[in-house]
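Tertiary structure, described
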Amino acid sequence: MSDIIVQFKPKGDRELVRAIEALQKAKGRLKGATDKTTKSLGAFDTRTKRNAKSMSNLSLAFSTVRSKMLLFNFAMGLGITQLTKMAQAAAKLESMERAFNNLSGGAGSASIAIEKLREATNNTVSDFDLFQQANNAMILGITQSSDEMAQMFDMAQRLGRALGVDSVKSIESLIVGLGRMSTKRLDDIGIIVDSEKAYQKYADTNGLVANSLTETQRRQAFMNAALESGTKKVNIFTKENLSQQDSLDQLGTSFANLNTRIGDLTKELTPL
């Protein structure tokens, strides 16, 4: 149904005309006042939302400070000697992380890379050890990408688990073994490499003479053979299942990372 609008047209008695005109003006002023009130209520609602957001942020800030203070009080309860050791560990981790960022091509790339390494090792290796072994791998030039490094770390952990070797030692054996072409270090995690056969295979594949390979070519031949051997052994295993030892290593990793976090917090709050 359409709305019916009735409009008055002032005509006739002069007093009646003035009354109708006054009514029309009053109606206009009422509409203006209503519009202003609506606008004011809108602004008030916006300010209210902003204040609520500010209060939320302030609450979060207080919550963060409270958490830091609780951690700091906990750390202080450990004693000055232990607190100093934690601060030193945090400083070493910071140096390792800075070097890792530089070698990885920036903080953004480094953040992605370290997450891949944590996943590859099932969080059984502390951040400090991950940074240390990753830096070692990049300095020795045995990896070309974070994905490749993560695969190597995963391989080393799984091979080491089968031989009762912890994750850190397994990764170190693989990195050092590949970087220094050490068959003895690789043998610690079950990777067997015959250097002469590796050189000959590389030469045959690339149409070269084995005894004329350069040092770079020999290194690549050795690495290819080692990774091929390790991959074959890993493929024998069924789907990866974490052991009781892995669970204990995860717990130890959590404590190690907590210690360095407390050390960071100590440095932040000491000036206060």
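Just so it is clear, the model here is predicted, and its values are computed rather than measured. (Residues numbered from 1 in each chain as written. Predicted model: local features only at pLDDT ≥ 70, side-chain atom pairs only at ≥ 80, totals over all residues. Heavy atoms only, no water.)

Looking at the pattern of salt bridges
With the rule as written, the count across this model stands at eight salt bridges. Of the charged contacts, one joins Arg161 and Asp246 as a salt bridge, the two residues approaching to 2.8 Å between their closest N and O atoms. Taken together, the positions of Arg161 in helix α5 (residues 146–163) and Asp246 in helix α10 (residues 244–269) put the pair 85 residues apart, joining distant regions of the chain. Judged by relative accessible area, Asp246 falls into the buried class, the value being 3%. Between Lys201 and Glu228 there is a salt bridge, with the nearest N and O atoms lying 3.0 Å from each other. You can see Lys201 sitting in helix α8 (residues 195–205) and its partner Glu228 sitting in helix α9 (residues 215–236), a full 27 residues away along the chain. Looking at Glu228, the relative accessible area reads 32%, which means it is partly exposed. (Salt bridge = Lys/Arg side-chain N within 4 Å of Asp/Glu carboxyl O. Helix = DSSP H or I, 4+ residues; strand = E, 2+ residues; numbered from the N terminus. Buried < 20%, exposed > 50% of the residue type's maximum accessible area, 1.4 Å probe, protein only.)

With respect to a nonpolar patch on the surface
On the surface, Leu251, Phe255 and Leu258 cluster together into a nonpolar patch covering about 280 Å² of accessible area. Topologically, Leu251 is positioned in helix α10. Looking at Leu251, the relative accessible area reads 45%, which means it is partly exposed. (Patch = residues over 30% accessible without salt bridge, like charges linked within 9 Å, V, L, I, M, F, W, Y side chains within 5 Å. Areas by Shrake-Rupley, 256 points an atom, 1.4 Å probe, with all protein chains shown as cover.)

With respect to the side chain of Gln157
Relative to the assigned elements, Gln157 resides in helix α5. Residue classification places Gln157 among the buried positions, given a relative accessible area of 1%. Polar side-chain contacts of Gln157 include one of 3.0 Å to the backbone oxygen of Thr121. Of the polar contacts made by the side chain of Gln157, one reaches the side chain of Thr124; its length is 3.2 Å. Excluding its chain neighbours within four sequence positions, the residues that come into contact with Gln157 are Ala120, Thr121, Asn122, Thr124, Ser167, Ser170, Glu240 and Asp246. (Polar contact = N/O pair within 3.5 Å; in protein donor to acceptor, adjacent residues only side chain to side chain. Contact = heavy atoms within 4.5 Å.)

Some details on unusual backbone geometry
You will see that Asn123, though not glycine, has its phi angle at about 60°, which is positive. Note that Asn123 resides in the loop between α3 (107–120) and α4 (127–140). Taking relative accessible area as the criterion, Asn123 reaches 44% and is therefore assigned partly exposed. Of note in this structure, Met181 is not a glycine but carries a positive phi near 55°. If you trace the backbone, Met181 turns up in the loop between α6 (167–179) and α7 (183–187). Classification of Met181 as buried rests on a relative accessible area of 19%.

Digging into the environment of Phe153
Summarising the element assignment, Phe153 is placed in helix α5. Residues in contact with Phe153, not counting those within four places in the same chain, are Leu117, Thr121, Leu130, Gln133, Ala134, Ile171 and Ile175.

Just distances and angles here, no functional claims.
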